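# Descriptive analysis of the structure
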Amino acid sequence: MTVENRDPWTGEVRAYSMMSPDAVEARLAAAARAFPAWAALPLERRGELLLRVADELHARREAIATTMTAEMGKLRREALAEIEKSAGACRYYARHAGDYLREEPIGTEAARSYVRYEPIGCVLAIMPWNFPIWQVFRFLAPGLMAGNVALLKHATNVPGCADAIAAVLAAAGVPEGVFGVLHIDSEQAAAVIADPRVKAVTLTGSERAGRSVAATAGRHLKKCVLELGGSDPFIVLEDADLAKTVPVAVASRFGNAGQTCIAAKRFIVVEAVADRFVRAFAEAAAALRGGDPNDEATTLAPMARADLRDELHRQVQASVAKGARVLLGGEPGQGATAYPATLLDGVAPGMPAWDEELFGPVASLIRVRDEAEAIRVANDTPFGLGASVWTADAARGERVAAQVVAGACFVNSLVKSDVRLPFGGTKASGFGRELAGHGIHEFTNIKTVYVA
C-alpha cells in the first residue's frame, strides 16, 4: 500500500510504501536475534555506541531538520533544537545509565539481598509526528542503555524522520536488529503488539490511540507506558510578575504551532490581574508571524496537516457559538494548514475550549476570583499531564502545585521535558514514566535476589 504525505507549507506530495507482512516479519526476527548479544554487551560499550549516535545526530542535523520541516512543518530553528536535545539525551544516558541500573542493596535478615534491573527484550514504540526525533530518543536512549532492543512504528506523516533515525544508528555502528523501523498502519501495529517476540509497548499519542494500545497490550499481558493528551493549566495569581510571565505564556502556547502535549492550553488568571495579563498576552501573540517554516523571520509554524487545522477551527467555532469571545485570530490563515495565533476569552464549561484539548495555536482564557477557584478550574479536566503556577511567592507556588492533579507542575517556569526528571501524566493523560531513573526502569525486569 502507498501512502501520500503533503508538505504543510509548499503542498508538495510525497509517496512512500507501507511494509509487507514479510518485511515486518523480517524486522521482528532481526530484533529477536539481536537481543541476546545486545543485552550481554557491557554497559560501557553500549554507552560508547550511544555517544556515537549523538555525534551522528549532530553531524546530520541540517539534513534531518530539512526532513522534519518538509514532513510536519516545524520551524527550522525548532527542528535543529530538537535534534540537539535528542543528542543530549543520548549523551546523558550514555554517562548516567550505570547509576540508574546498578544493583540496589536492601537490608534484610538475608546474608545479601538486592534488586537487579534487567532488560526485558524487544519494546515497540508507537510515536507521534509533533516531535518526530525527540519523542523517539526520549524512549530510545534509556531503552537501549537498559539492554533492550526496539522497533519503531512512527506516525504515517513522518516516515522520512523514522528512516533518518535508523540511518543515524546504523552509521554509529549499532548492530543490525537492535533498532528497526516498521512502516505499518494501526491494524498491523496491533498484530505486532500481540507477537510474543515483543515484550512491551510505549505510545505517545491521543487518548483514543492510548485506549486501543492499552487494550491490545492488556489482552496479551504486555507492559505499556502511555503518554497521551493534555489540557495544561497555566495559573496566573494576582502577585505574578507579568513581565516574566507573559513571554513564557506565549512561548508555551504557540511553540511548535501549539502542537505540544505539554503546551499551556488553559490560561487561568485571577481577576485582579486578568485585564493586564490579557492585554499583554494579546499584544505579544499578535506579533507572531506565520509563514514559511524555513524562513528565519517566521515565528509561528503552519500546522502539520489540513485535517488537524480544520478540527481546531471547528472547536473554535463551537466555543464561540457557546459564548466565547475571539480577541485575536480565529480564522484559518493563508496556506493549506496555516492557523493564526488565537485567543478566546470568556471560556466556560461546555465549550470545547474548556472541555477538550485544543492541539494548535489557540489559547483559552479563563478568569477566576482567587487562588482556590484557580485550583478547582485547573483540576476540572479529564487530563493531567503538566501545569504551571505563576506567583511572586515561590512557597505559595509550591502549595498550589501540590493541589494540582498533574504528572508535573512547574512554578514560574515553562513546562518542559528534561532527561533528569521523570515525565508522564495521570488521569486521561496516561500512565507510566519516561526519562530519569523512573523511565529507564519502566522497561526492565525489577528482580529481587535473596541470598540466605
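Worth saying up front: this structure is predicted, and the values here are computed from it rather than measured.

## Looking at helix α8 (residues 207-219)
Look at α8: 18 Å from first C-alpha to last across 13 residues, which is about the 18 Å you get at 1.5 Å a residue. Looking at the buried positions of α8, the neighbouring elements they touch are β5 (122-126), α7 (186-194), β8 (198-204) and β9 (223-227). Positive backbone phi, at 55°, marks Leu 221, one or two positions downstream of α8.

## Some words on the packing of helix α3 (residues 61-72) against helix α6 (residues 159-171)
To characterise two packed helices, one gives the angle between the axes of the helices and the distance between these axes. Interaxial distance between α3 and α6 falls to 8 Å at its minimum, and their mutual angle equals 160°. Looking at the two axes, α3 sits roughly antiparallel to α6. Considering only the axes of α3 and α6, their crossing is left-handed. On α6, the residues touching Ile 64, Thr 67, Met 68 and Glu 71 of α3 are Pro 159, Gly 160, Cys 161, Ala 164 and Val 168. Tallied by class, residues from the contact of α3 with α6 come to six nonpolar, two polar and one charged.

## Quick notes on helix α5 (residues 134-145)
Because each turn of an α-helix spans 3.6 residues, side chains separated by three or four positions end up pointing in the same direction. For α5, with twelve residues, the first-to-last C-alpha span of 17 Å sits near the 16 Å given by 1.5 Å per residue. Among the residues making up α5, those that are buried are Trp 134, Gln 135, Val 136, Phe 137, Arg 138, Phe 139, Leu 140, Ala 141, Pro 142, Gly 143, Leu 144 and Met 145. Looking one or two residues beyond α5, the residue adopting positive phi is Gly 147, at roughly 100°.

## A look at the packing of aromatic side chains
What the rule picks out here adds up to ten aromatic pairs. Ring geometry for Phe 234 versus Trp 390: centroids 5.3 Å apart, planes at 20°, classification stacked. Taken together, the residues Phe 234 in strand β10 (residues 232-236) and Trp 390 in strand β15 (residues 386-390) connect sequence positions 156 residues apart. Assigned by exposure class, Phe 234 and Trp 390 land together as buried. Taking the centre distance of 4.8 Å and the plane angle of 45° together, the rings of Phe 267 and Phe 281 count as tilted. Within this pair, whereas Phe 267 is found in strand β11 (residues 264-270), its partner Phe 281 is found in helix α10 (residues 271-286), the two being separated by 14 residues in sequence. Feature note: the residues Phe 234, Phe 254, Phe 267, Phe 277, Phe 281 and Trp 390 constitute an aromatic cluster, connected by ring pairs. Its end group placed over the ring of Trp 134, Lys 85 keeps NZ or CZ at 4.6 Å from the ring centre. Positioned over the ring face of Tyr 114 is Arg 112, at 4.1 Å from the centre of the ring.

Rules used in this analysis
- Every chain is numbered on its own, with residues counted from 1 as its sequence reads.
- Residue-level local features of this predicted model are given only where pLDDT is at least 70; pairs of side-chain atoms are given and counted only at 80 or more, and the full residue set underlies all totals for whole chains, interfaces and linings.
- Hydrogens are left out, water is left out, and the side-chain values use all remaining heavy atoms of the structure.
- In this text, helices come from DSSP runs of H or I with a minimum length of four residues, and strands from runs of E with a minimum of two, each type numbered from the N-terminal end.
- In this analysis, the expected span of each helix is defined as 1.5 Å times one less than the number of residues it contains.
- Contacts are residue-level and defined by heavy atoms, with any inter-residue pair within 4.5 Å sufficient.
- Angular values range over 0 to 180 degrees, each being the angle between N-to-C directions of two axes fitted as lines to C-alpha atoms, with helices fitted over their stretch in contact.
- Every angle not falling under 35 degrees, over 145, or within 65 to 115 is termed oblique; those three ranges are roughly parallel, roughly antiparallel and roughly perpendicular.
- Each crossing is labelled by how the near helix is turned from the far one, with a counterclockwise turn of less than a right angle marking it left-handed and a clockwise turn marking it right-handed.
- Any residue that is not Ala, Val, Leu, Ile, Met, Phe, Trp, Tyr, Cys, Pro, Asp, Glu, Lys or Arg is counted as polar, Gly included; the first ten are nonpolar and the last four charged.
- Burial classes follow relative accessibility: with a 1.4 Å probe on protein chains only, a residue under 20% of its type's maximum area counts as buried, one over 50% as exposed, and anything between as partly exposed.
- Two aromatic rings from Phe, Tyr or Trp, using only the six-membered ring of Trp, form a pair when their centres are within 6.5 Å; if the ring planes differ by under 30 degrees the pair is stacked, by over 60 it is edge-to-face, and anything between is tilted.
- Placement of a positive charge over a ring is assigned whenever Lys NZ or Arg CZ falls within 6 Å of the ring centre and within 35 degrees of the normal to the ring plane.

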